[in-house]
Amino acid sequence: MKKILYPFFVFLLSFAAVAQVNPRLQRIDSLMNHFYSNGKFMGSVTIREKDNVIFEKAYGFADVQSKTAANTNTKYKIGSITKMFTASVIFQLIEAKKITLATKLSAFYPEIKNAEKITISHLLGHQSGIYNYTNDDAFKTYCTTPQTKKQMLSRIASYEPVFEPGEKAEYSNSNYVLLGYIIEDITKKTYAKNIEDRITKKLKLKDTYYYSKINPANNEAYSYSYENNGWEKFEEWDDSVAFAAGALSSTPSDLIAFIKALFDGKIIKQESLEEMKKLESGYGKGIFAFSFGERRFYGHNGGIEGFVSSLGYYQKDELGIAIIANGANYDINAIAIGILSIYYKMPFPFPNLNFVTVSPEVLKTYEGTYASPGVPLKIEIKYSEDKLMAQATGQGAFELNAVSDNEFVYDAAGINMVFKENSLTLKQGGMVLLFTKE
């Protein structure tokens, strides 16, 4: 789900499920404490090698107001990682010959524009062209109140197509809300019951379920945003709004058990998994690919309310890593890169977290496209939601953190940028390059 999609305490609070004696794991713990103690992260991390959980630890609070500490069994909302569960159920229905990848949306919801052209495959791979309802400004007006299926369908049906089905791919939560309704139509059971019967009961995932109003007595965490030098509670969304696109709660340990079972053939057949992993325009069918050096991880990210999550699995090493934050004041992907760098014994200096606040007026002066003679890539700088974002040609965007009014860093990649009038100097890996604004 799109997050509206991310304190320093006088003492350090963390709880471990297992004793950490491995130097790499100790350093990972130190890294997470570094983020926590500097007000950048609250949440839980699990790393699993094959059938063994080698690292499992929670940092901070499940409930800041009552000072209720989080532990390794604390449940968090996982946002769009839910889509992996939804896609898995769809592939089960395909294996049962209830539908096919070529089945048209018009067989279920002909009122959706282009329904006669949109297939189950298009929905799974974000190729439908259906507008993402969470991008609509109106979303903020109803996200906290219950919505009926009729209301959600009417809303999605009212949007004009963003592009023709199959023409390209563009992320849209609308696709997975519709897939959830299709699951209910075919099985005559609720989406929540399908997840329980087809996945969580089978795998004995006791801490994974369809969420309702957060209940601290059930060891469920609230989510927070970092405002005014402290964590402020984020307003809860109603489950009917997130539905099959993002309405599950879980723990990092359960998530890794799920993704390992998926790759071990315990949820869907191998041929279904291969179809799920097939990338088109950067998207699999309910799954993403993440590169870390020469390694390709499969999984998904999530963001809902103030929760941010990341799940990845590297099949060759049978390595799973899951991070769920109920307070994220730092890029979760950068945190994952740090953990993996340490795990694989790669150099990773702890990031400088002593950032400064730069006024929007100053940040906006740096916007533009920058080029350097002899360098094939251009760098685009944009101001967005009080942040300065950078993106090199053909690569993903990343957030720049300010260490002064004109100097910014992205520690995960060792990038330093210094802005001057109509230029920036990029430093990375010993290189120093001058880029000029076009």
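All of these numbers come straight from a predicted model, not from anything done at the bench.

1. Looking at the overall build of the chain
So, step 1. If you tally the helices and strands in the chain, you get 12 helices and 22 strands.
So, step 2. Taking 438 residues into account, the globule formula puts the C-alpha radius of gyration at 22 Å, and the chain, at 22 Å, falls close to it.
So, step 3. With the C-alpha coordinates aligned to their principal axes, the bounding extent of the chain is approximately 60 × 55 × 45 Å.
So, step 4. Buried residues in the chain amount to 56% of all 438 residues.
So, step 5. For the chain, the computed accessible surface area is about 18,700 Å², with 49% contributed by carbon and sulfur atoms.
So, step 6. Across the chain, the mean location of the 49 positive side-chain charges is 5 Å away from that of the 48 negative side-chain charges.

2. A few points about the packing of aromatic side chains
So, step 1. Counted according to the given criterion, the structure contains 25 aromatic pairs.
So, step 2. Among the aromatic residues, those joined into a ring-pair cluster are Tyr-109, Tyr-181, Tyr-191, Tyr-210 and Phe-243.
So, step 3. Looking at Arg-24, its charged tip hangs above the ring of Tyr-343, at a distance of 4.8 Å from the centre.
So, step 4. Sitting over the ring of Tyr-211, Lys-77 keeps its end group 3.9 Å from the ring centre.

3. Some words on the sheet that holds strand E20 (residues 415–420)
So, step 1. Read around the barrel, 8 strands follow the order E15-E16-E17-E18-E19-E20-E21-E22 and close on themselves; strand pairing throughout is antiparallel. On average, each strand axis in the sheet is inclined to that of its neighbour by 30°, with strand direction left out of account.
So, step 2. As judged from the 2 bridges shared by strand E15 (residues 368–371) and strand E22 (residues 431–437), these two strands associate in the antiparallel manner. Residue pairing for E22: Ala-371 is matched across the bridge by Thr-436.

4. Side note on the sheet that holds strand E7 (residues 209–210)
So, step 1. Strand order across the open sheet formed by 3 strands is E6-E10-E7, with antiparallel pairing between neighbours. Two strands bound the open sheet, and with one partner strand each, they are strand E6 (76–77) and E7.
So, step 2. Here 2 bridges tie E7 to strand E10 (residues 248–250), and the two strands are oriented antiparallel to one another. Within E10, the residue paired with Tyr-209 across the bridge is Ser-249.

5. Focus: the nonpolar core
So, step 1. If you look at the biggest cluster of nonpolar residues, it comprises 136 residues, and the most contacted ones within it are Phe-85, Leu-105, Ile-339, Ile-381, Leu-400, Met-417 and Phe-419.
So, step 2. Discounting chain neighbours no more than four positions away, the residues touching Leu-105 are Pro-110, Ile-112, Ala-115, Ile-118, Leu-123, Ile-130, Leu-178 and Ile-182.

6. A look at the confidence of the model for the chain
So, step 1. Looking at the chain, the pLDDT average stands at 92 and 95% of residues meet or exceed 70.
So, step 2. A low-confidence stretch, residues 2–20 stays under pLDDT 50, and its non-local contacts, those more than four residues away or across chains, total 61 contacts.

7. A look at the environment of Glu-95
So, step 1. Structurally, Glu-95 is set in helix H2 (residues 82–95).
So, step 2. Overall, Glu-95 belongs to the partly exposed group, its relative accessible area being 24%.
So, step 3. Expressed as a C-alpha distance, the spacing of Glu-95 and Glu-271, which sit 176 residues apart in the sequence, is 9.9 Å.
So, step 4. Beyond its immediate stretch of four places on either side in the chain, Glu-95 contacts Ile-268, Lys-269 and Ser-272.
So, step 5. Looking at Glu-95, its side chain comes within polar contact range of the main-chain nitrogen of Lys-269, at 2.8 Å.

8. What about helix H8 (residues 239–246)?
So, step 1. Counting buried positions over the 8 residues of H8 gives 7, a clear majority of the element.
So, step 2. Every buried residue of H8 is accounted for by Ser-240, Val-241, Ala-242, Phe-243, Ala-244, Ala-245 and Gly-246.

9. Considering unusual backbone geometry
So, step 1. Of note, Lys-97 is a non-glycine position whose phi angle comes to about 65°, a positive value.
So, step 2. Looking at the element boundaries, Lys-97 is found in the loop between H2 and helix H3 (120–124).
So, step 3. Judged by relative accessible area, Lys-97 falls into the exposed class, the value being 75%.
So, step 4. Residues other than glycine seldom take positive phi values, yet Asp-386 does so here, at roughly 65°.
So, step 5. Checked against the element boundaries, Asp-386 lands in the loop between strand E16 (379–384) and strand E17 (387–392).

10. Points about the pairing of strand E21 (residues 423–428)
So, step 1. Here 5 bridges tie E20 to E21, and the two strands are oriented antiparallel to one another. Considered in E21, the bridge of Met-417 is made with Leu-426.
So, step 2. What sits between E20 and E21 in their antiparallel hairpin is a turn of 2 residues, with Asn-422 showing a positive phi close to 65°.
So, step 3. One ladder, built from 6 bridges, connects E21 with E22; its direction is antiparallel. The residue of E22 that forms the bridge with Leu-426 is Leu-433.
So, step 4. In textbook terms, the turn of a hairpin is the stretch between consecutive antiparallel strands, and for E21 and E22 this stretch comprises 2 residues, one of which, Gly-429, has a positive phi near 55°.

11. Concerning the pairing of strand E3 (residues 52–59)
So, step 1. Most of E3 sits out of view: 6 of its 8 residues are buried.
So, step 2. Pairing of strand E2 (residues 41–49) with E3 involves 7 bridges; the strand directions are antiparallel. Across the sheet, the residue bridging to Arg-48 is Val-53, located in E3.
So, step 3. Remark: 2 residues form the turn of the hairpin made by E2 and E3, two consecutive strands paired antiparallel; Lys-50 in that turn has positive phi of roughly 55°.

Cut-offs applied
- Residues numbered from 1 in each chain as written.
- Predicted model: local features only at pLDDT ≥ 70, side-chain atom pairs only at ≥ 80, totals over all residues.
- Heavy atoms only, no water.
- Helix = DSSP H or I, 4+ residues; strand = E, 2+ residues; numbered from the N terminus.
- Rg over C-alpha atoms; globule rule 2.2 N^0.38 Å.
- Buried < 20%, exposed > 50% of the residue type's maximum accessible area, 1.4 Å probe, protein only.
- Areas by Shrake-Rupley, 256 points an atom, 1.4 Å probe, with all protein chains shown as cover.
- Lys, Arg positive; Asp, Glu negative; His and termini not counted.
- Charge placed at Lys NZ, Arg CZ, Asp CG, Glu CD.
- Phe/Tyr/Trp six-rings, centres within 6.5 Å; stacked < 30°, edge-to-face > 60°.
- Lys NZ or Arg CZ within 6 Å of the ring centre and 35° of its normal.
- Pairing = 2+ DSSP bridges.
- Axes fitted to C-alpha atoms, helices over the stretch in contact; angles between N-to-C directions.
- Core = buried A, V, L, I, M, F, W, Y, C linked by side-chain atoms within 4.5 Å.
- Contact = heavy atoms within 4.5 Å.
- pLDDT = per-residue confidence, 0-100.
- Polar contact = N/O pair within 3.5 Å; in protein donor to acceptor, adjacent residues only side chain to side chain.

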